[in-house]
Every structure is written in C-alpha cells, then in structure tokens.
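Below are the chains, spelled out letter by letter.
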Amino acid sequence: MKNLLLELDKDKTELRNFYLSLVLMATLGGFLYGYDQSDIGSVLIFIPYYEHASVFVVGYIASGALLGAALGAITAAFLTDKYGRKFFLIADIGVYALGIVLSIATVNVVMLMIARTVVGFAIGADSAVATAYISEFTPRKRRGRSGAMQQYMIILGIFLSFLVAMITFLVIPGLAYSVDWRIILGLAIIPAILALVIRVRMPESPRWLIINKKTDKAKKTLSKFGINADDGDINYTFNILEKQRKNSRKLDSGTKRALLISGLFMIFYIANGVNIPLIYGPYIISSLPIFPSVTSKVLSDAYSIGATAILVFIMLIATYFGMASIDKVGRRKLALIGFIGMALSDFIGGALYLVHIDVGLLFGLAGYLIFFGIGGGVVAWLIQGEYFPTASRGFFAAIVALIDWVTSFVVDELFPYMDSVLHLGYSVIVFASVSVIAVITLYYTMPETKDLSVEEISSMFRETKLFDLRNYNIKTPENKEEIHDVSGEK
C-alpha cells in the first residue's frame, strides 16, 4: 500500500504545465479581486450618485465589497470542507459575474450598493478557498511559488484595472460621468466568464476527495497527477488523514499557533497600509505638486491613474521575483526582508514629505511597493493555505481570509480620518511603525515551512512551542512511508 500524500508531494517534471494550469485557474479569483479593488477607486467620483450621496453611502460604495467579502469568507469557512474546493471555486465566479451584471445595469444607488455587496461576497469566498486548494495538490518543492501566484494575480488585476481606467478616460473623457464608469466596472465580466468556463474542468482537490472517502473520484483524479492508486492505497492514506480529523475544528495548541501567526501576518499585511496606494493612489498623487496642472478634471485623474499604474507595475515585477524565489529563500526570510524594507521606505518617504520634499513621498511609496511585492503579499496568502490540517484547512483558511477582509475594511475607513488629523506624512510614518511591529513579532514566532509537506507543517505546529518555531528544522526522507501527524501536544 502507498502513502498517496508522499506521491502528491513528488515534483513530476512532465506535469509542470498541468500544475501551472490548475494554479492559474485557482487564482483567477485573485485577479478579479485585484481588479475590483482598484476600479471602484478610479471611478467613484464619476458615478452620478456620488455628488448627492451621504458619507455613509459613499463609504459603502467604496468599501462595502469588503463587508460582503467578510460574509463570503464566513460562508466558505463552514461549507468548503463539506462540499469541496471545486464547488466553491465555481460558485464564487458565478456570484461575481452576477455582481458585475448588477453593477453595469444599476439604475440607482441602492442597486449599486447591492451589486458591491454581491461582488464582495464572491471575492471573500474565493479568497478563502483558492490557496487551500493549491496547497492540496502542489508538490512541496513548488508549493511556495504556486501559492504565491494568488498575490501575483491580485497585483496583475490591480495594474490592468488602472490601465483600463486611464485608457477609457483618455479616449472618451466626455462620457466619464455617464458611460465610462460602467465600462470600467463592467469589463471584469470578461475574465469572470472565462474563469467560470475553465473552472468547470478543474479536478477536485485529491486530498479532499481522499479524506471524504470519495474513492472512485479520488482514483480518477489521482491518475491526472500521474498516480495509480487502488482502494487499499486510498484507505491507507485516508487513515493517515483521519487522525487529523479528531481535532479538525478544535483549537488545540497546534491550531492556535498556526492561526495566531497566519492571522497576525494577515493583519500586518493590511494594517501597514498597502490598500492606501492601491485605492487612494490616484488621489494622493494628484495632490502632490509634482505634475503639470491640467484644466480638465477627467484628464487630470487619468494622468494620476497612469502614474499609479506605473507604481503598481513596479510592484508587479517585484512580486514576480518574490514568487520565483520563495521556494529557495523561504517564507520566513522573505517576510522579514519585506517588512524591514517597507518600514524603511515609509519612514524615509514620510520624513521627506514632512520637510516639503514632495517627490520623496513618491520614491518612498515606490520602495514600499517593491518590498511589499517581494515579501509581503506572496507570503501572506501562501501560509494561509498551507498552515492547517487537511480536514480543517478550508475552515481555518477562511477564518484567516475573514481577518484580512475585516482589517481591510477598518484600515480603508480609518485612512481618511488619519489623513485629516495626522495628514499624509505622519500617516505614512504610522504605517511604517506597523511594519516594525511586524518584524519584531515575526522574527520571534514565524517558522520556516519551505520543503515541508502540509502534513509535516501541521505536525510542527502541534509539537513545537510558539517561540521555538523559528528554530524548527526537519529533514524528511523522500521514501518515508508514513507521515505521523498526530503526536502528543506540548
């Protein structure tokens, strides 16, 4: 009898294109999340309901998707381990497409608010499932770059969103208040339909099929991964995974440690201000006296959006390098490099702005986005999917996604108040301080998980005390027949 978990962890060269295709299918939701995150910021002031709307309504149109995302993440938390990863990845895109249709056809502010909530619900549920799905089929040596693809696709969506907005406003500026904003929001329907069509062809997570005793489907799916399995192999592997199920949703010591570190990482990932340049970037840049003035408000915003797109493109390149190196350098080291670089960039940019060197803020912002791309986002979504046991991975990955969405909502709502009280320079320094806290916290608590199987990661958290995790080291023979994942707690 074979341990199929070890078979799944073997990197088969002939299957690399197959792995990549599945990762791209799974992370299309990340692309849509990125697109939505920035398109609403680009078009908000051109929506006809904006001028006469209350502060609450404007805030909800801008951030309401985050509340919907929190609801989507909660829903996924309780259902994905029962109904499977593929079911949710398909359903999420269907709901997203519905939200986009409502956005295009909206006739009043209430309908737009509903559309924003629907879009957010889909994004939240998708973010809770995608990296969990990826971690359950990807070989350990490729899991880092595969899981990090979620962040790369988010940044790609943000970049293309700004690009679409800039081009639309430059080509037809006269229709900015009537048609342009609907075009910018509505173009997301194209990748949504594409994702819906191709996700139907995705195989279900092999680990999920095994632990749910779907033997025939598991054998058929495993064959796509180059693994021939019989009933005995399925049962043998099921028994290994079943040991995890006893504590699948109980906060035992190992789960508490994994949830604490991944949850704190997600808070730091958002609370150090990454959403601010991605949502408010065009308005921040337009306020800096570093570009020639333009009489047309539409053209001025288009140029500011273009400048923000350049910054995001730099971030996209940095994210690629972070994604390409994460399996070699490791999660822990990249995270520390990223947060140290973000702190320094924010401190320098904020200080230069306070002494009236406005262009310094722009350079600080560029440095921040580079280091965020290298070590912030690529790690956050990866560890969300790999830290927890298979039996409860969907549930706890969704809880971590929920933490992300709640933190995003709080930070996005607080920033205008921070800006009005502290002003931009000191606000940036506050964000830098969050990065410093992140460095200290992660240095003492975050383990290295590269080269470990997801089962070994769960065992590590269960067997190792919180402040000993950073020194954890394991060498696992490739021919080991069984992964012991239920040893006694410490």
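Residues numbered from 1 in each chain as written. Predicted model: local features only at pLDDT ≥ 70, side-chain atom pairs only at ≥ 80, totals over all residues. Heavy atoms only, no water.

1. Quick notes on the overall build of the protein chain
Okay, step 1: Scanning the protein chain from terminus to terminus reveals 20 helices and zero strands.
Okay, step 2: Relative to the globule expectation of 23 Å for 490 residues, the C-alpha radius of gyration of the protein chain, 23 Å, shows essentially globular dimensions.
Okay, step 3: In terms of its C-alpha atoms, the protein chain occupies a principal-axis envelope of roughly 75 × 45 × 40 Å.
Okay, step 4: Considering only residue pairs separated by 6 or more positions, the protein chain has 84% of its internal contacts joining residues 24 or more positions apart. (Helix = DSSP H or I, 4+ residues; strand = E, 2+ residues; numbered from the N terminus. Rg over C-alpha atoms; globule rule 2.2 N^0.38 Å. Contact = heavy atoms within 4.5 Å.)

2. Some points on the confidence of the model for the protein chain
Okay, step 1: This prediction gives the protein chain a mean pLDDT of 88; 94% of its residues lie at or above 70.
Okay, step 2: By mean pLDDT, helix α13 (residues 275-287) is the weakest element of the protein chain at 78, and helix α15 (residues 331-354) is the strongest at 96. (pLDDT = per-residue confidence, 0-100.)

3. Some thoughts on the layout of surface pockets
Okay, step 1: Size it by volume and the largest pocket reaches roughly 600 Å³.
Okay, step 2: Elements that contribute at least two residues to the lining of the largest pocket include exactly α3 (55-83), α13 and α18 (393-421).
Okay, step 3: At eight residues, α3 tops the list of elements feeding residues into the lining of the largest pocket.
Okay, step 4: Of the residues that constitute the lining of the largest pocket, the class distribution is 17 nonpolar, four polar and three charged. (1 Å grid on protein atoms, 1.4 Å probe; cavity = no way out; pocket = protein on both sides within 12 Å on 5 of 7 lines; lining within 4 Å. Points joined across faces, edges and corners; volume = space filled by probe spheres on them. Nonpolar A, V, L, I, M, F, W, Y, C, P; charged D, E, K, R; others polar.)

4. Structural notes on helix α12 (residues 253-271)
Okay, step 1: In a regular helix each residue adds 1.5 Å, so 19 residues correspond to 27 Å; α12 covers 26 Å between its end C-alpha atoms and thus fits that length.
Okay, step 2: Just past α12, the residue glycine 273 takes up positive phi, approximately 95°. (Expected span 1.5 Å × (residues − 1).)

5. Brief notes about unusual backbone geometry
Okay, step 1: The backbone phi angle of histidine 356 is positive, close to 70°, even though this residue is not glycine.
Okay, step 2: Note on placement: histidine 356 falls in the loop between α15 and α16 (358-375).
Okay, step 3: The exposure class assigned to histidine 356 is exposed, which follows from its relative accessible area of 69%.
Okay, step 4: Its identity as a non-glycine residue notwithstanding, aspartate 451 has a phi of 70°, on the positive side.
Okay, step 5: Within the element layout of this structure, aspartate 451 appears in the loop between α19 (423-445) and α20 (454-463). (Buried < 20%, exposed > 50% of the residue type's maximum accessible area, 1.4 Å probe, protein only.)

6. Concerning helix α5 (residues 109-135)
Okay, step 1: Taking 1.5 Å of rise per residue, 27 residues should cover 39 Å, and α5 covers 40 Å from first to last C-alpha, within 8% of that figure.
Okay, step 2: In α5, a bend of some 25° at serine 127 exceeds every other bend along the element.
Okay, step 3: Capping the start of α5 is the job of one residue whose side-chain oxygen sits 3.2 Å from the backbone nitrogen of valine 110: asparagine 108. (Bend = angle between axes of the 7 residues up to and from the residue. Polar contact = N/O pair within 3.5 Å; in protein donor to acceptor, adjacent residues only side chain to side chain.)

7. Quick look at empty space enclosed by the protein
Okay, step 1: On inspection of all chains with the given rule, the structure shows six cavities of 30 Å³ or more.
Okay, step 2: Roughly 170 Å³ of volume is contained in the largest cavity.
Okay, step 3: The set of elements that each furnish at least two residues to the lining of the largest cavity consists of α13, α16 and α19.
Okay, step 4: The class makeup of the residues in the lining of the largest cavity is 10 nonpolar, three polar and one charged.
Okay, step 5: When its volume is computed, the second largest cavity comes out at roughly 130 Å³.
Okay, step 6: Every element with two or more residues in the lining of the second largest cavity is listed here: α2 (16-43), α3, α5, α13 and α18.
Okay, step 7: The dominant element in the lining of the second largest cavity, judged by the number of residues it contributes, is α3, at five residues.
Okay, step 8: Split into classes, the residues belonging to the lining of the second largest cavity amount to nine nonpolar, five polar and three charged.

8. Points about the packing of aromatic side chains
Okay, step 1: As enumerated under the stated definition, the model contains 23 aromatic pairs in all.
Okay, step 2: Taken together, a centroid distance of 6.2 Å and an interplanar angle of 25° make the contact between tyrosine 368 and phenylalanine 372 stacked. Of this pair, tyrosine 368 and phenylalanine 372 both sit in helix α16, four residues apart, which is roughly one turn of that helix.
Okay, step 3: Here tyrosine 368 falls in the buried class, since its relative accessible area comes to 2%.
Okay, step 4: Here phenylalanine 372 falls in the buried class, since its relative accessible area comes to 1%.
Okay, step 5: Seen from their ring centres, phenylalanine 388 and phenylalanine 396 are 5.4 Å apart, and the 25° between their planes marks the pair as stacked.
Okay, step 6: The exposure class of phenylalanine 388 is buried, given its relative accessible area of 0%.
Okay, step 7: One aromatic cluster is present, built from ring pairs that chain together Phe18, Tyr19, Tyr133, Phe137 and Phe225.
Okay, step 8: Taking the ring centre of phenylalanine 238 as reference, the NZ or CZ of lysine 213 above it sits at 4.7 Å.
Okay, step 9: Stacked on the ring of tyrosine 443, the Lys or Arg arginine 332 has its end atom at 5.2 Å from the ring centre. (Phe/Tyr/Trp six-rings, centres within 6.5 Å; stacked < 30°, edge-to-face > 60°. Lys NZ or Arg CZ within 6 Å of the ring centre and 35° of its normal.)

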